[in-house]
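An overview of the molecular structure
The chain contents come next:
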Amino acid sequence: MAQFDVPLVRSKFGQTARADNWWVQPLAVLFGLSGFIAYSTWAALQGDHYRFGSYLSPMYSPELFGDPLFAWFGVKPAWIPAWVTGAMLILWAPGGFRFTCYYYRGAYYKSFWADPPSCTVGEPRTTYLGEKSFPLIMQNIHRYFAYLAVIFIVILGRDAWEGLWFNGHFGMGVGSLVLLTNVTLLGCYTFGCHSIRHLIGGVRDRIAGTPIRKKAYDCVSCLNSRHMLFAWCSLIWVAFTDLYVRMCSMGVWTDWRIF
């Protein structure tokens, strides 16, 4: 059989034979993630207007410092710098979970690092080190951030429950629905995580012969199949929930009571 040596030709950055608008998705991700990072950083540095009655912003949950009736450690000590807010002390955990997420890493590799910008599109790098070298090797700690994320779902679930109580009486306001929607979307995103699915499957490559484990695995797979949808919906809703609580706390918006 005849053999031919086919030379490897490296495409220039952005060079492609694709005729579709391949750049739309990475550009949308770039603006979407940049917008969230900008807003969440600004909100985390404020250290105020994150609580309105029984409503607590998810960016400040759990409330570490603040109102002695709610905060875990009471009033913030004077020796802690003003810019070190409660949000700054906790957002590293859910932020780390999203940063190392299998979906998000593929999204921002294309949008921020152009590695590559899209399939069959030329990229700027000349070498490939993979995820066994720094800094990409840090992506392998995603499974541990997933365990922390589950804890935050429990805490946010408690916040949603507390958002149904007004002066000791059960009720529901628009903010209650906002908090409930927030924990629901975050729960779907978290429990649809690839690492959680592997954990539910018993950390095994084959789950044949274990019907109960297979049933649980299939249930998580239903969420996993919509992982990208829940990733974006939960991200947008977290920012909106913080904005809703903030606007109500500042008196800009009115929280309408349903009952």
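Only a predicted model underlies this, so the values are computations on that prediction, with no experimental measurement involved. (Residues numbered from 1 in each chain as written. Predicted model: local features only at pLDDT ≥ 70, side-chain atom pairs only at ≥ 80, totals over all residues. Heavy atoms only, no water.)

Below, the discussion takes up the state of the cysteines. With the rule as written, the count across this model stands at zero disulfides. Free cysteine Cys101: the closest other cysteine sulfur is in Cys193, separated by 6.5 Å. Of the residues examined, Cys101 reaches a relative accessible area of 1% and is grouped as buried. (Disulfide = S-S within 2.5 Å. Buried < 20%, exposed > 50% of the residue type's maximum accessible area, 1.4 Å probe, protein only.)

A word on the packing of helix H1 (residues 24–46) against helix H4 (residues 102–111). Contact geometry of H1 with H4 gives a least axis separation of 8 Å together with a crossing angle of 105 degrees. Looking at the two axes, H1 sits roughly perpendicular to H4. Counting all contacts with H1, which are made through Pro26, Val29, Leu30 and Leu33, the residues of H4 involved are Tyr104, Ala107, Tyr108, Lys110 and Ser111. Its residues assigned to classes, the contact of H1 with H4 comprises seven nonpolar, one polar and one charged. (Axes fitted to C-alpha atoms, helices over the stretch in contact; angles between N-to-C directions. Helix = DSSP H or I, 4+ residues; strand = E, 2+ residues; numbered from the N terminus. Parallel < 35°, antiparallel > 145°, perpendicular 65-115°, else oblique. Contact = heavy atoms within 4.5 Å. Nonpolar A, V, L, I, M, F, W, Y, C, P; charged D, E, K, R; others polar.)

Counting 42 residues, the largest nonpolar core has Leu33, Met59, Phe97, Tyr103, Tyr104 and Tyr189 as the members making the most contacts within it. The set of elements that each furnish at least two residues to this core consists of H1, strand S2 (55–56), H4, helix H5 (142–162), helix H6 (174–191) and helix H9 (227–249). At seven residues, H9 tops the list of elements feeding residues into this core. Those residues in contact with Tyr104 that sit more than four places away from it in its chain are Leu33, Arg98, Tyr189, Ala231, Trp232 and Leu235. (Core = buried A, V, L, I, M, F, W, Y, C linked by side-chain atoms within 4.5 Å.)

Turning our attention to unusual backbone geometry. The omega torsion of the bond from Ser61 to Pro62 falls at 5 degrees, within 30 degrees of zero and hence cis. Phi is positive for His49, which is not a glycine, with a value near 60 degrees. Locating His49 in the fold gives a position in the loop between H1 and strand S1 (51–52). For His49, a relative accessible area of 28% puts it in the partly exposed group. Positioned with a positive phi, Asn167 is a non-glycine residue whose angle comes to about 55 degrees.

Another point: the side chain of Arg98. Within the secondary structure, Arg98 sits in helix H3 (residues 92–99). Within the buried core, Arg98 has no salt-bridge partner, and the shortest N-O distance to an opposite charge, that of Asp242, equals 14 Å. Leaving out residues up to four positions away in the same chain, Arg98 has contacts with Tyr104, Leu186, Tyr189, Ala231, Ser234 and Leu235. (Lys, Arg positive; Asp, Glu negative; His and termini not counted. Salt bridge = Lys/Arg side-chain N within 4 Å of Asp/Glu carboxyl O.)

Right, let's talk about H3 for a bit. Those residues of H3 that fall on the buried side of the exposure criterion are Ala93, Gly96, Phe97 and Arg98. Against helix H2 (86–90), H4, H5, H6 and H9 lie the buried residues of H3.

As a further point, take the packing of aromatic side chains. Inspection of every chain in the model, using the stated rule, returns 21 aromatic pairs. Between Phe97 and Tyr189, the ring centres sit 5.4 Å apart and the planes meet at 65 degrees, which makes this aromatic pair edge-to-face. Separated by 92 residues along the polypeptide, Phe97 in helix H3 and Tyr189 in helix H6 bring together distant segments of the chain. The class of Phe97 is buried, set by a relative accessible area of 3%. An aromatic cluster is present here, built from Phe97, Tyr103, Tyr104, Tyr189 and Trp232 joined pairwise through their rings. For Arg51, the ring lying beneath its charged end belongs to Phe70, and the centroid distance is 4.0 Å. (Phe/Tyr/Trp six-rings, centres within 6.5 Å; stacked < 30°, edge-to-face > 60°. Lys NZ or Arg CZ within 6 Å of the ring centre and 35° of its normal.)

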